[in-house]
Structures are given as C-alpha cells and as structure tokens.
Amino acid sequence: MTLTLDPIGIRSAGESALWPISLPRDVYRKPLNTDEALVWGPVGSRNVTPFLAVETTAGTGAERCTRSAVIKVELVGDPPDRRQTALRDVLRSKLDVVRYLVFLLGDPAYEEWFGLGGTGESDGWNPDSALGTNVELALFEPLVKAVARDDDSLERVASLVVDLLKMDDTDVLMPDGFDAMWQAVWEVYREARR
Amino acid sequence: MSTIGRPDVERELSRLKDFQRATVEHVHHRLWLDAEPTRRFLVADEVGLGKTMVARGVIAKTIDHLWETIDRIDVVYICSNGQIARQNLSRLNIGGHDLNHADRLTLLPTVISDLRGRKVNFVSFTPGTSFHISESGGRATERVLLYWMLAKGWGRRVVNTPAWHKFFQGSSGLESFSRAVKSFDHKTIDDETARAFTDELAEVRGPDGLTLREDLEDCVAQFRWMRGRPNHELSRRRYRLIGRMRGQVARAAVHTLEPDLVILDEFQRFKDLLDPGSPGADLAHAIFDQPTARVLLLSATPYKMYTLPDEPEGDDHYADFVATVRFLAGPEKAAATARDLRVMREAMLSAGDGRDVAEQARDRVERALREVISRTERLAASPDRDGMLSSKPLADMRLTAGDVRAFRSSHAIAELVDRRDVFEYWRSAPYLFNLMESYRVKTRFRENLERDDAQVTSALREAEGLLDWESIRHYQTLDPGNAKMRSLVEDVLDRGTWQLAWLPPSLPYYTPGGAYADPALQQFTKRLVFSAWTVVPKAISVVLSYEAERRAIDAARVERLYDARRPSPLLRFQVSDNRPAGMPALGMLYPSVALARLGDPLTAARASKRLPADSDFVRDHVRGQIEQALTSLPDGAADTPVDQRWYWAAPFLLDNEESVPDQQRFVDGMPRLGSADSDDQQAGLLEHVHVARALDPAGLGRRPQDLADVLTTMALAGPGVSALRGLSRVCGGSRALTDLGIRDAAWRIAWGIRSLFNRPEIMTILRGAEETGESYWMAALDHCFDGNLQAVLDEYLHVLVESEGLHDTHGAKRASELADVVEEALRLRSATNVVDDIRVTDGHATLQPQRARVHLAARFGRDQTEDKAIQREGHIRTAFNSPFWPFVLASTSVGQEGLDFHVYSHAVVHWNLPGNPVDLEQREGRVHRYKGHAVRKNIARSHAEAALHATVDDPWYAMFLAACDRRPPGAIDLYPFWVFAPEGGAKIERYVPTMPLSKESQRYERLLRTVGAYRLVLGQPRQEDLLRYAGAAGADLDWMRIDLEPRRLQD
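So, here's what we can say about the structure. These numbers come from a predicted model, not from an experiment.

### Points about unusual backbone geometry
Part 1: Here the amide bond leading from A:Gly41 into A:Pro42 is cis, since omega sits at 0°, within 30 degrees of zero.
Part 2: Position of A:Pro42 among the secondary structure elements: in the loop between β4 (38–40) and β5 (51–58).
Part 3: In this structure, the amide linkage connecting B:Leu611 to the following residue, B:Pro612, adopts the cis form with an omega of -10°.
Part 4: The residue B:Pro612 is located in the loop between α29 (601–608) and α30 (615–630) in this model.
Part 5: Backbone geometry at B:Asn578 places phi at a positive 65°, although glycine is not the residue there.
Part 6: Structurally, B:Asn578 can be placed in the loop between β9 (575–576) and β10 (579–580).

### A few points about the packing of aromatic side chains
Within a pair of aromatic rings, the relevant descriptors are the distance that separates the centres and the angle that separates the planes.
All names here are of chain B.
Part 1: For the coordinates displayed, the defined rule picks out 48 aromatic pairs over all chains.
Part 2: Relative to Phe652, the ring of Tyr590 lies with its centre 4.0 Å away and its plane at 20°, an arrangement referred to as stacked. Of this pair, Tyr590 sits in the loop between α27 (583–589) and α28 (593–598) while Phe652 sits in helix α31 (residues 646–657); the two residues are 62 residues apart in sequence, bridging distant segments of the chain. Like Phe652, Tyr590 is buried.
Part 3: For the pair Tyr590 and Phe666, a centre-to-centre distance of 6.3 Å together with 50° between the ring planes defines the contact as tilted.

### Points about the sheet that holds strand β3 (residues 30–31) of chain A
Whether parallel or antiparallel, the strands of a sheet pair through hydrogen bonds between backbone atoms.
Residues and elements named next belong to chain A.
Part 1: Reading across from one edge, β3-β2-β5-β6 is the order of the 4 strands in this open sheet, with antiparallel pairing throughout. A strand with exactly one partner marks an edge of an open sheet, and here the two such strands are β3 and β6 (65–72).
Part 2: In this structure, strand β2 (residues 15–20) lies alongside β3, joined through 2 bridges in antiparallel fashion. Bridge assignment links Ala17 to a residue of β3, and that residue is Pro31.

### Overview of the sheet that holds strand β1 (residues 40–43) of chain B
All names here are of chain B.
Part 1: In space, the 6 strands of this open sheet follow the order β3-β2-β4-β5-β1-β6, with parallel pairing throughout. Each edge of the sheet is formed by a strand with only one pairing partner; in this case those strands are β3 (120–125) and β6 (373–374).
Part 2: In the sheet, β1 pairs with strand β5 (residues 294–298) via 4 bridges, with the strands oriented parallel. Bridge pairing links Val43 to Leu298 in β5.
Part 3: Relative to the sheet, helix α3 (residues 51–66) contacts β1, β2 (73–78), β3, β4 (259–265) and β5, its axis offset from that of β4 by approximately 175°.
Part 4: Contacts between helix α4 (residues 82–89) and the sheet are confined to β2, β3 and β4, with β2 contributing the most and set at about 130° to the helix.

### What about α30(B)?
Two residues of an α-helix separated by three or four positions point the same way, owing to the 3.6 residues in each turn.
Residues and elements named next belong to chain B.
Part 1: The end-to-end C-alpha distance of α30 is 22 Å, a good match for the 22 Å that 16 residues give at a rise of 1.5 Å each.
Part 2: Those residues of α30 that sit buried are Ser615, Val618, Arg619, Val622, Ile626, Ala629 and Leu630. Around the axis of α30, the buried residues are gathered within 95° of arc, so they sit on the same side.
Part 3: Turning to α30, the residues buried within the fold contact α28, α29, α31, α34 (707–717) and α38 (776–786).

### Points about a nonpolar patch on the surface
Residue and element names in this part refer to chain B.
Part 1: Residues Val952, Tyr957 and Leu961 make up a contiguous nonpolar surface patch of roughly 250 Å² in combined accessible area.
Part 2: Within the secondary structure layout, Leu961 lies in helix α44 (residues 955–965).
Part 3: The exposure class assigned to Leu961 is partly exposed, which follows from its relative accessible area of 40%.

### A word on the environment of B:Leu33
Residue and element names in this part refer to chain B.
Part 1: On the secondary structure map, Leu33 appears in helix α2 (residues 18–33).
Part 2: On the accessibility criterion, Leu33 (42% relative accessible area) is partly exposed.
Part 3: For the pair Leu33 and His65, spaced 32 residues apart in sequence, the C-alpha separation works out to 9.8 Å.
Part 4: Apart from the residues within four sequence positions on either side, Leu33 is in contact with His28 and His65.

### Quick look at the pattern of salt bridges
Residue and element names in this part refer to chain B.
Part 1: Applying the stated criterion across every chain, the model contains 86 salt bridges over all chains.
Part 2: Between Arg213 and Glu217 there is a salt bridge; the shortest N-O distance is 3.0 Å. Separated by 4 residues within a single helix, Arg213 and Glu217 lie in helix α12 (residues 212–223), roughly one turn from each other.
Part 3: Of the residues examined, Arg213 reaches a relative accessible area of 26% and is grouped as partly exposed.
Part 4: The partly exposed category is assigned to Glu217, whose relative accessible area is 32%.
Part 5: In this structure, Glu761 and Arg566 form a salt bridge, with 3.0 Å as the shortest nitrogen-oxygen distance. Taken as a pair, Glu761 in helix α37 (residues 760–769) and Arg566 in the loop between α26 (535–556) and β9 lie far apart in primary sequence, 195 residues in all.
Part 6: Residues joined in a network through salt bridges with shared partners are Glu46, Arg375, Glu377, Arg378, Glu921 and Arg1015.

### So, helix α15 (residues 319–329) of chain B
Part 1: For α15(B), every residue scored as buried is listed here: B:Phe321, B:Val322, B:Ala323, B:Thr324, B:Val325, B:Phe327 and B:Leu328.
Part 2: Note on α15(B): the residue one or two positions beyond its end, B:Gly330, has a positive phi of about 95°.

### Comments concerning the interface of chain A and chain B
Part 1: Facing the 24 residues of chain A at the interface are 21 residues of chain B.
Part 2: Carbon and sulfur atoms supply 68% of the area that chain A and chain B bury against each other, a total of about 2,000 Å² over both sides.
Part 3: Across the salt bridge formed by B:Arg405 and A:Glu191, the nearest N and O atoms sit 2.6 Å from each other.
Part 4: The interface formed by chain A and chain B holds 6 residue pairs in polar contact (both at pLDDT 80 or more) in total.
Part 5: For the side of chain A that touches chain B, the secondary-structure elements that each account for two or more residues are α4 (140–149) and α7 (178–193) of chain A.

What counts as what
Residues numbered from 1 in each chain as written. Chains lettered and ligands numbered in written order. Predicted model: local features only at pLDDT ≥ 70, side-chain atom pairs only at ≥ 80, totals over all residues. Heavy atoms only, no water. Helix = DSSP H or I, 4+ residues; strand = E, 2+ residues; numbered from the N terminus. Phe/Tyr/Trp six-rings, centres within 6.5 Å; stacked < 30°, edge-to-face > 60°. Buried < 20%, exposed > 50% of the residue type's maximum accessible area, 1.4 Å probe, protein only. Pairing = 2+ DSSP bridges. Contact = heavy atoms within 4.5 Å. Axes fitted to C-alpha atoms, helices over the stretch in contact; angles between N-to-C directions. Expected span 1.5 Å × (residues − 1). Arc of directions from axis to C-beta. Patch = residues over 30% accessible without salt bridge, like charges linked within 9 Å, V, L, I, M, F, W, Y side chains within 5 Å. Areas by Shrake-Rupley, 256 points an atom, 1.4 Å probe, with all protein chains shown as cover. Salt bridge = Lys/Arg side-chain N within 4 Å of Asp/Glu carboxyl O. Buried area = accessible area lost by both parts, 1.4 Å probe. Polar contact = N/O pair within 3.5 Å; in protein donor to acceptor, adjacent residues only side chain to side chain.

Next comes the structure, spelled out in structure tokens:
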C-alpha cells in the first residue's frame, strides 16, 4: 500500500523534509513542497502510522540550524484494524510501551535516542534498536511537566491509552503504576483545556 | 577540658565487645609497639559498631602507655559538629571527669594555663569553626578574648578607650560588648601567651602593608571620632584585621598543644584538612605533624565515590580512597594500592580472566591496608549477608489530580516570579509557597506580593494546592498534597499511631489493651526521614502533626478551633476553696513501695508461666494480693457515704503500714522535686502533700466498691510505681525500692509522665478513648495499663544505662541520672512552625504568618547557630530516642552522620535519595546500632523465656545473656547485639518513596550498584548490591574480598 500526504498549503520557514516515523529517514526522506502531495510506497501495513517526522533547516552561515519534530496527521483509508495490529506488532512488552510513551511525550532529553537529534544514524522508531536495555526511561516526570506546559503530547498519549485498553491483554502491556498516574494527569489536562 | 587520673585499662577494656577490644589492641600495637609502627591509623568499622567505644579504649591504653614517660599527655578530639561532640564526649569520658567541648581553637588561650598544670588534658573542637578562620569578626566571646590579650600584652591603659571598644564591638551593641569585657575573667589568660601574641603582632605583616600592630592602630584611630556605625569600607578593614588576629591566636593555640593522640571522628566530613594546601589544612597539619602525635581516624565511609560504576571512567571510583591511603601510609604505598586495585577490577569485569594475578594483587592490597586500616562488618554476621536490612515500600505511591493541579499552579507562579523549575520541590513537599522559608523562589514571591504584582495576584486567585488556613482552623481534613507525604501519612497515621502516648514495648508483660492491642501498632517503629531539602522536615512535621491532632479531635468529638486557647492541664494540683482538687492524681503518681511490691506485672506473668501473660490473669492475680493487703487498713465506716479519698489514701497508708524506711523524708521532699512547672503548682503541690501526710485513716468513710480494682491498676501501671520498679531493676533490685534517692528519681519520672498526660494532644486522645465518663486521672491510668507502661520503662531504662555511659555509677546516683534523661524526653513540648497563609482579597494578595504546632513529628537539623537552637535539637534527639513522642523525625543531611537514632527506630525513609553511597550508608547507620530497636524486638521474640525465668533483676539483661549463650560457634559479639535476625523477625527497614516509572526510582537502582562497588574495596558488599554491580559475575566474587578485620584475640 502507499502513503499519501495531501498538499498542506503552508509555506515552510526554511527547507523542510518529511518522512513517516516508522521508516528509515535516509531512504524515505522527502522535501516538503506545499503544492504537491507526497507519496511513499509501497510500504508494509505495519509501517502505516499517523506520525510523520519533520526536519526543518533554516538560516545561513553560523546561524544555520536544523530542528526536528514529530507530528501527528489524520490518517484516512487505513485498514480497519491497522492501529491494533500495528501496535500489537511493535508493543510486545511493558518496556516497549514505556519507550513508546516516552517517545510520544517528546521529552527533549530523549530526542537523540529516537533519531530526532539530527545525527541521522537511526532508522526511525524501532523498539528493539533505538534504545538498549541500559537506557533508563522515565514517564512520571515528563507526564507531569507536560501538564504544566499544557502540551498536546498528552493527546497522543491518550489515544495510545485508549488503544491499549481495547486490547485483550492490556495487563501484559500496561506499565505498572502507569494507569493511576495517567488518570490524574489526564483529568487535570482536560480541566485546563476546558 | 579536665584532668584525669591514670586509667584502669583492664576495666576499660572489659567493657568492650570482643571485636572492639581486638581493634583497640591492634591499633595500639600499630601506633606504639610494633617494630615498624605507623603514626596514622584508620578504624573504618561499619557504621554503628561503636567506633567511639574503640576510641575510648585507645585513649585509655595510650594514656597508660605514656604515663611513666610523659609529663603531660594531650588528647585532642576533633569532630564535625557540636551535636556529635555533645553526644560523644560523655562516652569518651574516662575516669568520670567532666570533658568540655572547647568549640573553637581561637578560644583556647583561656584554658592554656590549665593545660600546663595537668597530667592529662582532653581538648576538643570542631574544625568548621576552628581551622577555617575567615576574615570575619567571629563570635563576641572571641573578640572579648582578643581585647584582653591586647590589654594583657600592652597594658589595659592602652586599649581602655572608646575607640578600641568600638573597634571590637563588631555587630554587638556597644554597651553589651563593654559589659562582656568587664565581666570577662582575664585571669584565665596566661601572661606568657598574651605577651607572645602581642610580640608577634609587632613582627608579622598586616593586610595593609605595615606590621599588624601598626595596621591595627591606624584602623582603630579611625574609630576615635566616629559616630554611629562604621561605613562599609572601614568595617571590612576592621573585620579583616580581627580575622587576622583570630588566625594568629589559633596558630598560637596550636603551638601550646603537645598532642600525643589526635582523634579525627567522622573525618570524611572535614577531609579537605588532610591535604596540605589550604590555610585551614596548614593549621590542622601543625597538629597532626607534631613529632609526638599519633593520629587515629574514625570513619565507616572513609572515601567519596561519585562516579557510578557503569560509567566508562569507572577506574577513578577509588581515587579518593587512594588519597585516604596516601594520608595514612604515604605516596608510594598509595600508588601501589591504586595499581593493584586496577588489576582486581579488570579481572572482575572480564569475568575471571587473569584471576591468579588478581588474587595476588588482592593479597598485596590486603597486606598494605591492614597496616593502617582495620574494619569490622556486620554483614559477615548476618545469615543471608543482607546485614539485617530489608527494603520496603512505604505505602502505595499515589499521584492525585490535586497533586497535579498543585504542580500546575506552583509552576505558573514560579515561572512568573523567578523563572524557576519547581518540579523537584513539588516532588518533595506539598504547599510549597506556604511552607518554604528562605528559598530564593519564595523570597521573590514575597517581593512580588509586596509590589502588588497583578499577574502573580491573578495567578494566585486561580491557584490550587495552597494551604487553606481557614480549614485548618476548623480542623478539617488536610490533604497530604504530595505522593510521598500521602504514603507517609498512610504509613504512620492510618495505622493509628496518633492514639498512643508511647511506642508499644518490645516485650509486653501482658496482653495490651485499647489501641495498643492492634498488632499493626505493636510492630511499629519510629520513622527517621532524611531529605536534602530544608522545606521537607518542616512540611513533614507540620502535616503529620496536624493530621494526628485532627484525628484525635475527630475521635474525641470535641468542638474546638485550631487556634483557640489550648486546654489547661488536667492533672493539676490546684487548691480551690481551700480544698486540694488533685488528690487522686497525687495518688496515681505516687511511687508507693507497697504497690510496687504487690503489683509487679512481671511477677504476675511469671505466675502464669507465659509472656505476655493474659491481662485478666495478671489483674486477678494482683487484685488478690491487693485485697489481702487492704485487710490491714481500717475498713472505713460502713454506714457513711462512699469516701473517694480512699483512691489516693490507700497507697500512702499501705506504705505507712509497711513502715517503709525514710517514708516521712520522702514525702516531705515530694513538693521540692515536683517543681518543674510554676510557683503556683509548687504551692498547690505542697498543700496536697500536706493533706496526704496529715490524713487520719480512722476518719475515712466507706470504701468505694472498685477500690481494689483501681489500686490493682495503680500497682500494675501507675507512673510512680512503674518508675520505681523500673529503676529498681537496674539500680540494685528489690532493696532499691525503699531507697530514698531511688524513690526521688521515680517521683521525678512520674512527674515527667504527668506532664506527658497534660499535653493537649494527649489529653484529646484520652478523651476520645474514655467514653465512660470516668475522671481524667483514671483515663490516664488506664492508658498506662493498656500500654504496658512497666514494660515500656523497663526496656527504656535498660538501654539508657549503657547509652548514657552509666556502667560505673550505681544505686541512687544512677537512678538520678536516668531520671534526668527520662525527664528531658518527657518534657519536650510541642513547638510551632510558621506557615504563610496566602490570601487574595480585593485584587490584593497577602501573606499572613500563622503558627502550626508540631509534636507527633519533629524536624531536626536546622542551622544551628544559636545555643538555644542547639539545646532544642538536643531535646528532640533525647525524645526521639525514647518511647515517647515524636514518632517521626524529619531531618536534613545534618542528622545523617555521627548521631544515634536507633533506640526506638529501625526504619529509615530516604525521602530524597542521597547522591552517593557514603550518605546512604551513613543514614542507615543511624538506626542500625548496638541493641537497637529491631534487635530488641527480635531478642524479646526469641528469648522471652529467659525473662520469665530470670534470676537477675533486669529481664533485658537476662534475655541478652540467653542470646549470648546460644551464640553460634565462631561468631563475634556482633551477635546478638548488632545482628540478631530470627526468621520473620524485625529488620532494619529502608523506605524509598519514589513514584513508579520515575527518574528517581531509576536513580535508586543505580545508587545500589554504586554501594556494591563502594564496599568492595573495604570488605564485603551485600550480596544483592554486588549482583547489581557486577552482574552475574557478582555471584562468584568472594575472591575479591579484602579482609581488614583485626585478628581476634587469642584466649
């Protein structure tokens, strides 16, 4: 199947490029052109995700710099069980879920492990290779700080939680102690958004 | 400072445990007797094994060794702070003379003339104030001393002018400074020292280029015509000169010392002094390096380790250790040790390659270190090599939406006032802006409010998670406000500790009643909490104390406002309408010899042949005895109304009937001893005692029906009776019951228990408990019975005899000193802490200081500059080391080294994790010590039988003796006094309240690995920590063990 990004009609401040976060950057990186759709494919169904990596380079000379981020776009026409399958495919343990949550929270401290720090060495999100078992990941601090920042990364976490809860082996995947912590954070986040 | 006679070495050493004694002998050999002795030696026994006792032994042996050859023996004791000095000086007190902490080197000249005249001098000071002499004015006493040194050297006439007074007054008022000058006893300064000092002033260069004397006179001249205070520049110049003179005095003081033995206690706290370089170190080395001096270092954690073992530069872990070895053994041996350690480490990491070479390296390290270091560890003595430690979750760590809201608000406010991340504060303490004191963000916050900053005011209006003082006033539930606090509240208060006036005894004599019957409470041990943040101890003590009080109020269904006037004491000796109103209370507190004999619960338990005995059995047994005894008293006229006087009269009458010796003298002395409170009370008490003495038994009316029953409770658990029996068990047995001095001491303890029951918090608890409408004195008496007061006091007094160093005192003197401590513990009153009530009204925000009481939980480790504060902290320590309140002590890092907190606590809460293994070891070492609470619980559990059949007076002595008798072959005295861990028994509890999935919980894992690495170089890590550190290879690392245990004495 192919992935198509409709023309977005926004002019980039510098030169921007995009690639599905599930695919290696160096192969799938495409410059952003506001007038044309971007097409990737064929890609396997497990690589279909609503997440795109964006890398923008702007400025000149010493001022020139590159920044990366992950954005979530609306996914249309994906296979009905795609999310579940994809998730089930990559999230096989509590540790996988922790890593994924950290990734979704986008805490700057962890960026380089996800190949977003501009080193270009990583080939995208991959639960097995991106982080060795030695790397320690924390959720508590980034979750709480995200509330104070009023950061919509929490929306991404929320949708993952919804997906996780739909699975029949939620207990196997939900990191211990996460659910209670999440309830508190999500409640306050929603209050603040109201 | 004082003189001491030639010590009785054998007696000194006989008091030590076997491994301590072996250490003393080893150290003494190495310092004085060996063919190739060392001048410096480190005793690195694991935390809590009694290094002070070892030091005492070494001092005794050194003095004895030098006695015939040296005219004047100087022992210098250096420790890191005044609290430690206060605690340890009495334990180093050989020969029973007073030892005074000289505090500062700069004050030494006042006692130099004493030094010269004595055979043995004991000088002690703290390095922080002694070696690091800043260019500042020091304390007023130091300036007075300087003034008089000049006056002596140059003649009083020279300096007796206003200019000199103004120069030296510093920040003191001129009048008070002049008064201090006048009242100073200048004869204490010896002429020679003063002249040497002034001579030197004429020679050394001052800061302004001339001689110090010329600089000084020039500066003083500017004070002559000055009005008011000097300007900044002049003031700085003055302080620079004073600082210089203080340095001069310190140097002179050092030269008057002729140290033979220098003891550096917990020297890791002032390790910078060991490396020559800084001015402080030069001064210190002037002491260490005197040709006659031997230096004994004491520290369980003699080096720092910051890097964590899984980092690539791990080779440097031991750099600081090597520096310590350099100080002890010199650079060459240090370098060789460093090399060998590297070889060992490489072999360990390569899972066994080069093992032979590594083992040789280990042998060399061990040999080299044994020359200058010894270490005994308790791990070896604990069956599963866990050192009796268990890590436990405090309670569920729960984050609530309220917590998150509080963070949002605090974050928003902090961003506005200081652009500061308050996450770590929020993680540690609730109600930040109400409770913080001198934090920068709080200061800025305050400034913003004073400026009426509209943004801050508006943020405050919306803010959540602030403390609502109105709800406090109305005793409404206080949300702990923070996950850590919630788990502590749950752990301590939800189990009901707030209903207890004291901790349940380790060995109850009969089944406990009331709240004490709850098994969850019987397991409880006091909590010692450590945090790096100063706001934490305050937050813990305020939140826990308030909630404890609120729960009691709630249970008692009392209608009262928090800030209403506190209720008056209920055990009072008031006289109203010429009638003494507190006679029953007097009877209940009175240490009756007859009741002490009739109602010993331990004797009753023995009759039942089990411990704890059934409480009904005990009561029936004692009631029988009481009824029998009552037959010797008049019946009371049967046709008259019930005469309530019987309750208090009977104990006195029974004593009269028994012709207790010195009874009249004792009773006459009662008002004098019970005069702790006010004159009013004193007069009232006098009147009460008079009535008791003048009672005519023939005039008593009908006996109350429950008389025998009430007397039974009094006999089993009355404060005076229990105190008397408790003292008798450690002060001479049953004969001691009638000893006047011992009864005096018992009465003082009873009086202390009276003030405990007069605390408003405790009065509220008891009101909740009694719903039967009985009078307060009866409720208090019932509480004593339910809580096994006798067993509580017996256990406490047993421990105090040793911890207070009372082995050498006996009988009434010992009883009196014990009573001093118990009184101090009981006298601790609740303190108040300022809480800022934040209010927003009419677009205007204010901070209103309010006072919150702290009692169930106390804070420790504030900046101790004032004598009063030091004294208060001392009281808190005494109270925490007693079975009475506070049950929780929250300390900053100040409390984590050198002090004992183990007597009633075997639980450490690491509120914030320490940054390195030294602090972790030190913190836990506070509660894992000689005959600590966990050990006593386990001893009681395993050897209650020995108390039941004891032929000695003290049941605790009997139980420990039984445990010693059953010591496994080959074990040293660590068993049972430090490590005694039967299956399922109490352990040292380590609590680390961290959120799941947090950076903090990961840091904890890393810290444990580091601890494994840390201990490896000195001995043996815990098995678990070693596995964490070395992975699977850790299972087979026994070959790496460096054994520094001194060889045991051959019999």
